[in-house]
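Residues per chain, in single letters:
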Amino acid sequence: MAARPGPRIVRGMTSKKKADVEQAAALQKVGQNAYKVGDLQGAIESFTQALAASNEDTGILDNRAATYCKLKMYSQARADARAMVKLAPSDDRGYLRLAKVLCLDGNFDKAREIYEYALQKLPADHPGRKVLTQLLNKLQDKLAGGSRRDPFTILPLEIAELTLRQFSFKQIVAILRVCKGWSRFLGGLSSLWMHVDLTGARSRVPWTSVRNYIHRSRAQLTNATITNLVPSTTPKVLDMLSRCPKLEHLELMVPHDQPKEFYLKIKEFRHLKSIVCGADISLSHACVGSVLSTLSKLEKAAFLRVWDNPTRGPRPPSTWPQHLPNMKSLTIGSSQENPQGLSFPDVLPGLGSSVYPNLEELRLAWDPARSKSYQFDPVQEEEHLPPLRTLDLRGAAVQHNFYSILPTSLETLYLFSGSVENPHLGPTLLTPGENELPNLKTLIFNDTPWVNRSTLPLFLLHSKAPLRTLHVNFCHNINSEDFFDILNDPDGANPQLAELTDVGVACMVGMDDWGVGNLSTLLPNLKILDVSQTRITGCTIRMFADARNDESDARNLDGLIIKGCDDVSRDAIEYGRQMGLKIVT
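Every chain's residues receive numbers from 1 upward, in the order its sequence appears when written. Owing to the predicted nature of the model, reporting of local features is limited to residues with pLDDT of at least 70; listing and counting of side-chain atom pairs is limited to 80 or more, with chain, interface and lining totals taken over all residues. Calculation of side-chain values draws on the structure's entire complement of heavy atoms; hydrogens and water are dropped beforehand.

Draft legend 1. Region of interest: the nonpolar core. Here, nonpolar core means buried Ala, Val, Leu, Ile, Met, Phe, Trp, Tyr and Cys residues that are tied together by side-chain atoms lying within 4.5 Å of each other. Categorising residues by exposure relies on relative accessible area from a 1.4 Å probe, with only protein chains included: less than 20% of the type maximum marks a residue as buried, more than 50% marks it as exposed, and the intermediate range marks it as partly exposed. In this structure, I226, F303, F376, F402, F459 and L529 are the most contacted members of the largest nonpolar core, which totals 127 residues. Helix and strand definitions follow DSSP, with helices as H or I runs of at least four residues and strands as E runs of at least two, each counted in order from the N terminus. In terms of residue count, the dominant contributor to this core is helix α18 (residues 456-462) (five residues). Core analysis: the next-biggest nonpolar cluster, separate from the first, contains 16 residues, A81, A111, I114 and Y115 among them.

Take a look at the structure:
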C-alpha cells in the first residue's frame, strides 16, 4: 500500500504542537497496520483522523490515496493525490500517485499528461526522474498498442543504415542485445563497424571484444579508439588492428612502456593518417622519430609522453625524417624532469618550412610547465616557420626574436608559463620585427611572466591582429592600468581590438568593479569575461545583469567567470542568473 519511501514533507511544523504531530504519526501507523490485515475502512478512518491532526503531511495523504484505490474510490484517491502535488510540487511521489490513480480509473491519456508535466517541473538532477521516464515510456507503448512495428522490417535498408550510423559504439552494442533478429541484422551491416571506440566502457574490455568487432567489419575498420584494455592484451590488440588494411585513424590510451616493442607493432600500420599516443604510453625521442619516418602518410600525430627516461651520455643520431610533406598537425608532450631545459633539436629536430611545408598545428606541452622546460629557437637565419595556424607552447623558453618569426598565417597562439632567453634588450625583452599577424583571432597567455606593458603591445597593437579572444590570465607583470592603456591606445594602432568578444583577466592586479566597468566601455562587443580571483563585488554582476534588460545599454554580456572572487555574495550571483546572465563560480 505505502508509496516508495521518501522524505516526510510537513508544512508549518513550527505552528503545530508537538503532541499533534506525534498523534498524527501514531494514527498513521494504526492505519497502515489496518491496511495490512485487510481492514480498509478502518485504515481510511485512521488516516482521516491523522490528517485532522496534521493535514499537510504528504505521507498520510499518499497512504489514504492508496487505500481509496484499493476500494476503487478513484475520485477520492485523485483528490488526495492532487493535494500531494499542490502541497509538494518538487516531490515526485504526488505525480506518481496521481498518474497511478488515473491509470487504475482507465484515464491513460491524462496519466501520460501527468508524467510529462512532472518531468517539466522537476529539476534535471532530481532522483525521481528516471522512474517517471520509465513509466511514461511504458505507458506510451501501451497507448500505441499494436501499431508499433520493428523499424528494421519496414524501413528501406539505406534509411535503416543511415539511422543506425547516428548511434555511438556503445549504443550499437546495446542494440545488438535487444533480440537475435536485431543482432543478425546489425551484424550484416559491415559499414556500422568501421569505427571502434572503447571510451564508453565501464570496465576493462577483453581483447576478444575487439576481435569480434574487427570480424563484423570484415577487417575493413577505418577508425580505432582503444582504451580500457587489460594492459597485458595491448600487443595482441595491436596485432589484430594491423591486419586492417584500411585503418587510417588510431588513438591509443593504454599503458605501454616499451618503446622498441611499441615501434615494432606500430610500423605495420602503413596507411595511418592520424595517430594519438596517450599519456600512458612512454616513448623515447628516437622512437617518435622512427614512427614519423615509417608512417609517411601521417597528417596528424600526437605523442603525449616523450623523454620520460632520458638516457645519459652523447645524444644518438637523429632518426627523425628530413621531409614530412603530409604532416598538418603535430603534438609533442612530456613530463620529463629537466631543470636545465632541452635544446630545441632535442624536442623537434628542424621546424623550417622545408621540413614541414604544410604544417598547420604545432603543440609542445610540458606538464608541469616551467619557465625553461625547453628552448624554442626553431629556425636559423633566413629560415621560416611553416604556415602554422595554431601554435601552442607550454613551458617554452623563447628567444628575443620570437615575435618576429611568427608566421602571418597564425590564427591561434597559446602560451603557458615559459620565459624569454637572452633578455639583454632590457625591459622590452622581445624585438618587434616588421611582420604583422593579420589572421590572429585567438591569443591566450596563461601564467606567462614575460608578458608586461612592453611585450603585450606587440601582440595587440603592432600586430594589427583582428583578435576576438584575448586571455591575459595569471600574468603578474601586467596590471589593470597598463592593460587599459594598451586597449585605449591614443594612436589607434589597432582599432579591431574593440571587436573583442571573449576576454580573460584572471588574477590581474588592480582589477575591480571600476576596472570591469571601464573594460566594458572599451570593449562594447564583449560577450564572455573571466575575472576570476580579482577584487570585484556583486556590483559587477548587477551592472551586467541590469544591462541585459536595458536596450539602450551596450553592455550585453552573456557569460561571467568569477572563480575565487570572495567579495561576491551568493545573492548577487542568484540575481545575475535570474536576469539571464550565465555565471561560472
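Draft legend 2. Quick look at helix α22 (residues 570-578). Those residues of α22 that sit buried are A572, I573 and G576. Down the axis of α22, the sector holding all buried residues measures 100°, keeping them to one side. In α22, those exposed residues whose orientation departs by more than 90 degrees from the buried face are D571 and Q578. The criterion used for residue contact is that any of the two residues' heavy atoms lie within 4.5 Å. Contacts from the buried residues of α22 go to α21 (538-547) and β18 (582-584). Backbone geometry just downstream of α22 places G580 in the positive-phi region, at approximately 95°. Think of the arc as the fan of directions from the helix axis to the C-beta atoms.

Draft legend 3. Layout of the sheet that holds strand β12 (residues 419-420). Each pair of strands is called paired provided DSSP finds at least two bridges between the two strands. With parallel pairing, three strands are arranged side by side in an open sheet as β8-β10-β12. Each of the sheet's edge strands pairs with one partner strand only, and the pair in question is β8 (374-376) and β12. Looking at chain direction, strand β10 (residues 396-398) and β12 are connected through two bridges and run parallel. Counterpart to V398 in the pairing with β12 is V420.

Draft legend 4. How the structure looks around the side chain of D91. Relative to the helices and strands, D91 is located in the loop between α4 (74-87) and α5 (92-104). Exposure remark for D91: the relative accessible area of 8% places this residue in the buried category. Within polar-contact distance, the side chain of D91 engages the side chain of R93 at 3.0 Å. Any N or O atom pair separated by 3.5 Å or less is treated as a polar contact, with the protein-specific requirement of one donor-capable and one acceptor-capable atom, and with residues adjacent in sequence counted only for side-chain atom pairs.

Draft legend 5. Quick peek at the packing of α5 against helix α6 (residues 108-121). Whenever a helix is involved, its axis is fitted only over the stretch in contact; in every case the axis is a line through C-alpha atoms, and angles between N-to-C directions fall within 0 to 180 degrees. In the contact formed by α5 and α6, the axes pass within 7 Å of each other and the chain directions differ by 170°. Judged by the angle between their axes, α5 and α6 are roughly antiparallel. Considering the relative orientation of α5 and α6, their crossing is left-handed. Facing Y95, L96, L98, A99, L102 and C103 of α5, the residues of α6 in contact are F108, K110, A111, I114, Y115, Y117, A118 and K121. Three classes are used, and their members are as follows: Ala, Val, Leu, Ile, Met, Phe, Trp, Tyr, Cys and Pro are nonpolar, Asp, Glu, Lys and Arg are charged, and the others, Gly among them, are polar. Among the residues making up the contact of α5 with α6, the classes are represented as twelve nonpolar, no polar and two charged. Note on terminology: angles under 35 degrees are roughly parallel, angles over 145 are roughly antiparallel, angles of 65 to 115 are roughly perpendicular, and the others are oblique. Crossings are classed by handedness, with left-handed meaning an anticlockwise turn of the near helix from the far one by less than a right angle and right-handed meaning a clockwise turn.

Draft legend 6. Quick peek at unusual backbone geometry. Looking along the chain, the bond that leaves D367 and enters P368 is cis, with omega of 0°. Along the chain, the position of P368 falls in the loop between β7 (361-366) and β8. In the Ramachandran plot, F474 falls in the positive-phi region, its phi being about 60° despite a non-glycine side chain.

Draft legend 7. Representation of the environment of L470. Relative to the elements of secondary structure, L470 occurs in strand β14 (residues 469-473). Beyond its immediate chain neighbours, meaning those up to four positions away, L470 contacts L443, L460, F483, L500, D502, V503 and G504.

Draft legend 8. Spatial organisation of the pattern of salt bridges. Salt bridge, as applied in this entry: a Lys or Arg side-chain nitrogen positioned within 4 Å of an Asp or Glu carboxyl oxygen. Tallied over the entire structure, the rule returns 16 salt bridges. The salt bridge involving D109 is made with R112; its shortest N-O contact spans 3.6 Å. Of the two residues, D109 and R112 both sit in helix α6, three residues apart, roughly one turn of that helix. We classify R112 as partly exposed; its relative accessible area is 28%. Each of E360, R389 and E411 takes part in one network of salt bridges that share partners.

Draft legend 9. Examining the pairing of β7 more closely. Here β7 shows a clear split, with L362, L364 and W366 buried on one side and none of E361, R363 and A365 buried on the other. As paired elements, strand β6 (residues 329-334) and β7 share six bridges and run parallel to each other. Counterpart to T331 in the pairing with β7 is R363. For β7 and strand β9 (residues 390-394), the ladder comprises five bridges, and the chain directions are parallel. When the sheet's bridge partners are listed, A365 is paired in β9 with R394.

Draft legend 10. Quick peek at the packing of aromatic side chains. Note on aromatic contacts: the rings of Phe and Tyr and the six-membered ring of Trp form a pair at centre separations within 6.5 Å, being stacked when their planes are under 30 degrees apart, edge-to-face when over 60 apart, and tilted otherwise. Summed over the entire model, instances satisfying the criterion amount to eleven aromatic pairs. Centroid distance W366 to Y374: 4.6 Å. Interplanar angle 35°. Geometry classified as tilted. Y374 shares its class with W366; the two are buried. Here F376 and F402 contribute two aromatic rings whose centre-to-centre distance is 6.1 Å and whose plane-to-plane angle is 70°, an arrangement assigned as edge-to-face.

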